[in-house]
Amino acid sequence: MRLLVAGGGLGGLVAAARALELGAAVTLLEKGDHPGGSFVYSSGYVWSYRDLPTFRREAPGGDPALQALVLERLQDAIGWLEARGGVLLSRETGNPLTFGARFDPEPTAAALTDRVESGGGQLLLRHALRRLLRDGRVRGALVEWEGGRGEEAADAVVLATGGFAANPELVQRYVLHGPGRLLLRAHPWSTGDGFLAALAAGARPSTGLDEFYGRNLPAPPARFGPKLFVEVSQLYGRYAVAVNLEGVRYADEAADWSETALVRATAHQPRQRAWYLLDAAALRRRVRERSVGEMVETARRVGGTVLRAGSLEELAGLLGERGLPEERLLRTLHGYNAAAAAGRAAELRPPRSGEAPVLKEPPFTAVEVAPSITHTIGGLAVDEGGRVLEDGGRPVRGLYAAGVEVGGIATGGYASGLAAALVLGLVSAETAVAEGPA
Ligand SMILES: Cc1cc2nc3c(=O)[nH]c(=O)nc-3n(C[C@H](O)[C@H](O)[C@H](O)COP(=O)(O)OP(=O)(O)OC[C@H]3O[C@@H](n4cnc5c(N)ncnc54)[C@H](O)[C@@H]3O)c2cc1C
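Residues numbered from 1 in each chain as written. Predicted model: local features only at pLDDT ≥ 70, side-chain atom pairs only at ≥ 80, totals over all residues. Heavy atoms only, no water.

**Focus on the site of the ligand**
Neighbouring the ligand are 39 residues, the closest being Glu30, Tyr45, His187, Asp193 and Ser416. Contact between the ligand and Glu30: an oxygen atom at 2.5 Å from a side-chain N or O atom of the residue. Relative to its free-state accessible area of 1,000 Å², the ligand is covered by the protein chains to the extent of 98%. Secondary-structure elements contributing two or more residues to the shell around the ligand are helix H1 (10-21), strand E2 (25-30), strand E3 (45-49), strand E7 (127-134), helix H7 (229-232) and helix H13 (417-435). Its residues assigned to classes, the shell around the ligand shows 15 nonpolar, 20 polar and 4 charged. (Near = heavy atom within 4 Å. Polar contact = N/O pair within 3.5 Å; in protein donor to acceptor, adjacent residues only side chain to side chain. Areas by Shrake-Rupley, 256 points an atom, 1.4 Å probe, with all protein chains shown as cover. Helix = DSSP H or I, 4+ residues; strand = E, 2+ residues; numbered from the N terminus. Nonpolar A, V, L, I, M, F, W, Y, C, P; charged D, E, K, R; others polar.)

**As for the sheet that holds strand E4 (residues 88-90)**
If you trace the 3 strands from one edge of the open sheet to the other, you get E3-E5-E4, paired in antiparallel fashion. One side of each edge strand has no neighbouring strand; the edge strands of this open sheet are E3 and E4. If you compare each strand with its neighbour and ignore which way they point, the axes differ by 30 degrees on average. Of the strand pairs in this sheet, E4 and strand E5 (residues 98-103) are connected by 2 bridges, and their pairing is antiparallel. Bridging from a neighbouring strand, Leu88 pairs with Phe103 of E5. (Pairing = 2+ DSSP bridges. Axes fitted to C-alpha atoms, helices over the stretch in contact; angles between N-to-C directions.)

**Brief notes about the packing of aromatic side chains**
If you walk through the whole model with that rule in mind, you get 11 aromatic pairs. Seen in terms of ring centroids, Phe164 and Tyr174 are 5.5 Å apart; in terms of plane orientation they differ by 45 degrees. Their pairing is tilted. Taken together, the positions of Phe164 in the loop between strand E10 (156-159) and helix H5 (168-176) and Tyr174 in helix H5 put the pair 10 residues apart, joining distant regions of the chain. Of the two residues, Phe164 and Tyr174, neither departs from the other in class, the shared state being buried. Relative to Phe195, the ring of Phe164 has its centre 5.3 Å away and its plane inclined at 40 degrees; by these criteria the two rings are tilted. Note that Phe164 is positioned in the loop between E10 and H5 and Phe195 in helix H6 (residues 193-200), a separation of 31 residues in sequence. Here Phe164 falls in the buried class, since its relative accessible area comes to 1%. Overall, Phe195 belongs to the buried group, its relative accessible area being 1%. Connected via pairs of aromatic rings, a cluster forms that spans Trp47, Tyr49, Phe55, Tyr213, Trp257 and Tyr414. (Phe/Tyr/Trp six-rings, centres within 6.5 Å; stacked < 30°, edge-to-face > 60°. Buried < 20%, exposed > 50% of the residue type's maximum accessible area, 1.4 Å probe, protein only.)

**Comments concerning H5**
Listed in full, the buried residues belonging to H5 are Leu170, Val171, Tyr174, Val175 and Leu176. For H5, the angular spread of the buried residues around the axis is 160 degrees, confining them to a single face. Those residues of H5 hidden inside the fold are in contact with H6, strand E12 (212-213), helix H8 (260-267) and strand E19 (364-373). Capping the start of H5, Asn167 holds a side-chain oxygen 3.0 Å from the backbone nitrogen of Glu169, two or three residues further along. Note on H5: the residue one or two positions beyond its end, His177, has a positive phi of about 55 degrees. (Arc of directions from axis to C-beta. Contact = heavy atoms within 4.5 Å.)

**Let's talk about the pattern of salt bridges**
The full count for this structure, using the stated rule, is 27 salt bridges. Its salt-bridge partner being Glu259, residue Arg238 comes within 2.6 Å of it at the nearest N-O pair. Within this pair, whereas Arg238 is found in the loop between H7 and strand E14 (241-243), its partner Glu259 is found in the loop between E14 and H8, the two being separated by 21 residues in sequence. Under the relative-accessibility criterion, Arg238 is labelled partly exposed at 21%. Among the ionic pairs, Arg352 bridges to Glu253, the shortest N-O distance being 3.1 Å. Pair noted here: Arg352 is in the loop between helix H12 (326-341) and E19 and Glu253 is in the loop between E14 and H8, with a separation of 99 residues, a long-range link. (Salt bridge = Lys/Arg side-chain N within 4 Å of Asp/Glu carboxyl O.)

**Some points on the nonpolar core**
One finds Leu129, Leu399 and Leu422 to be the most contacted residues of the largest nonpolar core, which totals 99 residues. With 12 residues, H13 is the largest single contributor of residues to this core. Composition of this core by domain shows at least three residues from each of domain 1 (2-211 + 375-435) and domain 2 (215-373). Within the second largest apolar cluster, 24 residues are counted, among which are Leu330, Ala340, Leu348 and Phe364. (Core = buried A, V, L, I, M, F, W, Y, C linked by side-chain atoms within 4.5 Å. Domains from an automatic or database assignment.)

**Brief notes about the packing of helix H3 (residues 64-83) against H13**
Close contact between H3 and H13 brings their axes to 9 Å; oriented N to C, the two are set at 90 degrees. Comparing the axis directions of H3 and H13 gives the class roughly perpendicular. Facing Leu69, Val70, Arg73, Leu74, Ala77, Ile78, Trp80 and Leu81 of H3, the residues of H13 in contact are Ala419, Leu422, Val423, Leu424, Leu426, Val427 and Glu430. Across the contact of H3 with H13, the residue classes tally to 13 nonpolar, no polar and 2 charged. (Parallel < 35°, antiparallel > 145°, perpendicular 65-115°, else oblique.)

Okay, structure coming up:
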């Protein structure tokens, strides 16, 4: 059994290592210059919601069978990874809605890479899958490398190329439904190669193609490299009032714990820009390990635009100098404050859930943010065996998928991309090897 795995992120590394354990001959293609994909930039939390009703509530449009698969297989999968040299930092996720573990990404990716190579797998860096080869079933892929291209024959292919976050044209077509650009909070190589190759081979897209997971980041001229992706994330919309360039609130800032809905709404605002407005009390609040003040300070340190003022009127004046309509902005802030003080923030349009703090303690702060995409939520329609499905629901024979490539797990919300990579990496390899070349 010869298995070709495309993509050397967590999903592809796990699929390759598992297939080798099961006796397959494995070639792992990695388009970039190092394995690990986005895992090596991540916080390393591999998690699932605690039970299926919670998963359904948090990602109501997702495929229940895939959600159940992640939930049921995750604990064993974490044990599998730990036993293969994954470096466990914690058995806690710090979120009462979820369970899982935190792995140290770089040594864990290195341990998996080592297992693939020492287990007899062939790792080809700077090699990209371009097209699938077929003769009634998938028989390998057309592969490109600098200065060359060639056919790589195989009995089956696992696609783990990470979706299309790094392809601005596909992001405009599927996510933004028009012009605009999201910052990229991921490695630059997931440009939709696997997704497009599978569609050309008859695969069906999943639900949620217009959804993505990302964070609001300090807007340009802020500059930072991938090692700072976690640190620069501005994850405190729940303590802020978020306004767009027209000076109005555009979303419920506290709609969900991961602030995914707020980031997605920001992507649809004029010029993909917003301002988070805070008072001094908000800066003392904490989200996970950091205070809001520390996150704002990081935005300032990397060159983001952070304004300070002694009153809301002065803050509106500073934002007016940057083109926001001053009067309308003040009406927004006074209207918000009045509703929050009266305990009626849920009646605002858009409503404000959560505690809805009043902005009253000077000094006041404004941080300019821009939405980023870490990965797509939609992708390929896949069954619980990791098989890629055609329009009629039958599998595309010989084609499997893992990780972000598997669409529709978290539609309508957000779920762990690392869990999808780990669980579907294992499952796709197990199914592919069990079904063999027939
Ligand atoms: C800053 C940050 C923090 C995060 N924190 C968390 C967290 O705490 N918990 C969590 O669950 N998730 C987190 N994530 C998301 C998580 O990292 C991803 O969901 C996960 O790593 C995706 O794994 P993957 O293997 O599916 O895809 P990727 O990691 O994107 O890997 C895909 C690989 O395929 C390669 N590739 C692309 N095209 C081709 C081609 N044509 N041929 C061959 N190779 C190709 C790419 O180079 C890449 O190496 C975070 C991400 C970031 C960036």
